[in-house]
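Structural characterization, general
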Amino acid sequence: MDIRSNRRDADGQSVITANRLLDGITVWRAADGSWKERITESTPVSNTEVEGLLSSLQGKAQELGLVGIYGVQVQDSPDGRIVPVTSRERIRAFGPSVHPEFSPL
Amino acid sequence: MSTETMTRAEAAPAVLPVGRYGYDQVDRTFLRERIEQFRDQVNRRIAGDLTEEEFKPLRLMNGLYLQLHAYMLRVAVPYGTLGSKQVRALARIAREFDKGYGHFTTRQNIQFNWIKLEDTVAALEVLAEADMHAIQTSGNCIRNITSDEFAGAAKDELLDPRVHAEILRQWSTLHPEFTFLPRKFKFAISGSPHDRVVARFHDIGLIARPGPHGRPVFEVFVGGGLGRTPLVGVSLRDDLPEEDLLAYMEAILRVYNAHGRRDNIYKARIKILVQALGTDEFRRQVEEEFAAMDRARYRIEPALVEAIKARFGAPDFAPEGNAAAVLAEDRRRDVRFDAWVRTNTHEHKAPGYISLVVSLKPAGGIPGDATAEQLDLLADLADEFSFGELRVTHLQNVVLGHVRQDQLHTVWQRLSQAGLGTANVNFITDIVACPGLDYCALANARSIPIAQKLSSRFADLELQREIGDLRINISGCINACGHHHAAHLGILGVDKRGQEAFQITLGGSGEEDASIGQILGPAMAEDETVDAVARLIDLYLVRRENGERFLDTYRRVGTAAFKDVVYAPA
């Protein structure tokens, strides 16, 4: 787990993220187990479940074509979207702030 | 033909590139073989025959990082000198394999932020076609040798450092003993008494000057560096003869390799070893190693230096004519051009010529970014006006080294049409910033947006002229890639419980009067930091005495008054 993502409240929720092996693009795990470029398509799991899910997924990283699978704590924003709690993961999710045209959203 | 059977003489290039070493077929064969090795490694990684853990050191050896949003490829520009063909190759990579941009760094490298793993080999092939590569731009090895952006052109230069930079490059590339050092290792070399390479903040900084019998001698600074533990390098030798350059460098590296700490990444740089041993003991150990070496094996004979020098193309300067008078008349007729000449040019040693700095810091822009179109234009201008040669600077700008004074107005007009005519070099908006949290996996905070806000806030050119020389550097984490410690006014991004915040440092300098900026106080939010910088500038304008730069006033007045305006505004 990336140390800066290690801010996980016991009663919070997290989404699972990784980078794609072939192009390095950030992806997020959806409810059906597919991996999406938009965090808005991901599905949070409770922080009590996230470690178990991560260890099973990390063993399949090569098969999934992914690198560096880890969990990111999220919260609901006022407009109902899920948003990572840290600046780092918000930038990872929404793209470089200095080039909005590069945002995956 | 293999590298074993081809001699260097057989392979010598027919046309020499101006300002840098001409590759021959041996060099090109080596690069092709290296690319084929990496192609196989990438294929094995994609097939799953290599794990990420196994592959990571292999991709890093070829300059390929995995950052926040994608892979990033870092390309070395040895001693900062580029040919127009090379710049066009960089433009092609930006266009075909990235999102249209390249980003020049503080280490005279260029980075591409959106490279796909599956395209990396093709990108390396484009580089190799232009005699470039990404080897040793990562890892615990000797990194790109940096040099003065005005090398071979500056009027104040005593000695062109690029030939010795090239000798160091050849010595250090894939050096078997120094491929796995305790940490990365950075060299800088200059031939001017004015330190334009930040020599005192490098693992080894070399300042060359003419010595006895017309051969160079070197002052050797060791153990400088920024990052978590910023330190000014100590002068180890003032008079290192040219013939012993490689032997002495090897002796330093051996002492470091043997005793540098590998148990703690934060204490692994040579600066920590030098401090731990003390300068005298470190020097004693280096001298002991130096004395025990087979010096003859390492000796750089003048004939070798001249042979390397002969592989550099030299500009064929035209007679001065009335070039200076034409420039004076152009300046008189065009006040905007005159303002740009005052800030963005540097005196040339050849009569009738001048060096110009292309600012990559337009108002509100991203420091160091150049589009593919801008790169192509720079290559065209280099071909038309500067012997096909360009340089990149540690301050994230580009230099055309040898422009005739009577052609300067034309060059400036062409630059201005492409958004490259900003007249702000060494002013408050000539900001250095690392990629920060917008791209970098190690960063704690974004550097670019605060640079853009400051650049917009102080965009008025009259105000910038009024403020005068003021260096602002911004880093997004303690690793200090933005060299904030060496800035008159430094800004460091920190992580406050997952949120970005910024600390201000004052009083740093990377030049002959090298000093480390002092932290002013607690970190603040981004907008508060921009306001605080504005108050610092106001105080400086009120308190400065005749001819004082911001740094001079700060050093005279002291920290307390500046701290007051930041943390207790009226």
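We now turn to the structure provided with this report. Position numbers for residues count from 1 along each chain, tracking the sequence in the order it is written. Chain letters and ligand numbers both follow the written order, the letters beginning at A and the numbers at 1. Owing to the predicted nature of the model, reporting of local features is limited to residues with pLDDT of at least 70; listing and counting of side-chain atom pairs is limited to 80 or more, with chain, interface and lining totals taken over all residues. Only hydrogens and water are removed before side-chain values are computed, so all heavy atoms of the structure are retained for them.

What follows is about the nonpolar core. Residues and elements named next belong to chain B. Judged by nonpolar contacts, the single largest core of 112 residues is most densely connected at Phe187, Met249 and Ile252. Starting at the N terminus, helices and strands are each numbered in turn, a helix being any DSSP run of H or I of at least four residues and a strand any DSSP run of E of at least two. The biggest single contributor to this core is helix α7 (residues 245–259), with 10 residues. Every residue pair with non-hydrogen atoms within 4.5 Å of one another is taken to be in contact. Apart from residues lying up to four places away in sequence, Phe187 is in contact with Arg107, Ile142, Asn144, Ile145, Thr146, Leu168, Trp171, His202, Ile204, Leu206, Met249 and Leu253. If you look at the next biggest cluster of nonpolar residues, it comprises 31 residues, including Ala433, Ile474, Val530 and Ile537. What is meant by a nonpolar core is a set of buried Ala, Val, Leu, Ile, Met, Phe, Trp, Tyr and Cys residues, joined one to another through side-chain atoms within 4.5 Å. In this scheme, a residue with accessible area under 20% of its type's maximum is buried, one over 50% is exposed, and one in between is partly exposed, where area comes from a 1.4 Å probe on protein chains only.

The next point concerns the interface of chain B and chain A. In this assembly, 37 residues from chain B lie in contact with 27 residues from chain A. Accessible area, probed at 1.4 Å, shrinks when two parts are joined; the buried area is that loss added up over both. When chain B packs against chain A, the two sides together hide about 2500 Å² of surface, and 56% of this comes from carbon and sulfur. For chain B, the biggest contributors to the area lost against chain A are Arg45, Leu68 and His69 of chain B; these three give 20% of the whole. We define a salt bridge as a side-chain nitrogen of Lys or Arg found within 4 Å of a carboxyl oxygen belonging to Asp or Glu. Our enumeration of links across chain B and chain A arrives at zero salt bridges. Elements with a minimum of two residues in the side of chain B that touches chain A: α2 (25–47), β5 (109–115), α5 (117–129), α16 (448–457) and β19 (499–506) of chain B. Grouping the amino acids of the side of chain B that touches chain A by side-chain chemistry returns 19 nonpolar, seven polar and 11 charged. Side-chain classes are defined by residue name, with Ala, Val, Leu, Ile, Met, Phe, Trp, Tyr, Cys and Pro counting as nonpolar, Asp, Glu, Lys and Arg as charged, and the others, Gly among them, as polar.

All names here are of chain B. Throughout the structure, instances matching the rule amount to 61 salt bridges over all chains. Salt-bridge contacts for Arg295 lead to Asp244; the nearest nitrogen and oxygen are separated by 3.4 Å. Of the two residues, Arg295 is situated in helix α10 (residues 295–298) and Asp244 in the loop between β10 (234–241) and α7; the sequence distance between them amounts to 51 residues. Overlapping salt bridges, with partners in common, bring together Asp160, Arg162, Glu389 and Arg391 in one network.

All right, on to the sheet that holds strand β18 (residues 489–496) of chain B then. All names here are of chain B. A sheet is described by the order of its strands in space; here five strands give the open sequence β16-β17-β18-β19-β20, paired in mixed fashion. With partners counted over all chains shown, the strands left at the sheet margins are β16 (432–433) and β20 (518–519), one partner each. Should DSSP find at least two bridges between two strands, the strands are taken to pair. With four bridges connecting them, strand β17 (residues 472–475) and β18 associate as parallel partners. Following the sheet pairing, Asn473 is matched in β18 by Gly490. Taken strand by strand, α16 contacts β16, β17, β18 and β19, and its axis lies near 155 degrees from that of β17. Helix axes are fitted only over the stretch in contact, all axes being lines through C-alpha atoms; the angle between N-to-C directions runs from 0 to 180 degrees. Packing of helix α18 (residues 526–543) onto the sheet brings it into contact with β17, β18 and β19, and relative to β19 it is tilted by some 15 degrees.

Here we come to the sheet that holds strand β1 (residues 64–66) of chain B. All names here are of chain B. Across the sheet, five strands lie side by side as β1-β2-β5-β4-β13; this open sheet has antiparallel pairing. This sheet does not close on itself; its edge strands, each paired only once, are β1 and β13 (369–371). Recorded for the sheet is a direction-independent mean angle of 30 degrees between the axes of neighbouring strands. Of the strand pairs in this sheet, β1 and strand β2 (residues 71–76) are connected by three bridges, and their pairing is antiparallel. Of the residues in β2, the one forming a bridge with Tyr65 is Met72. Packing of helix α4 (residues 84–97) onto the sheet brings it into contact with β2, β4 (101–104) and β5, and relative to β5 it is tilted by some 15 degrees.

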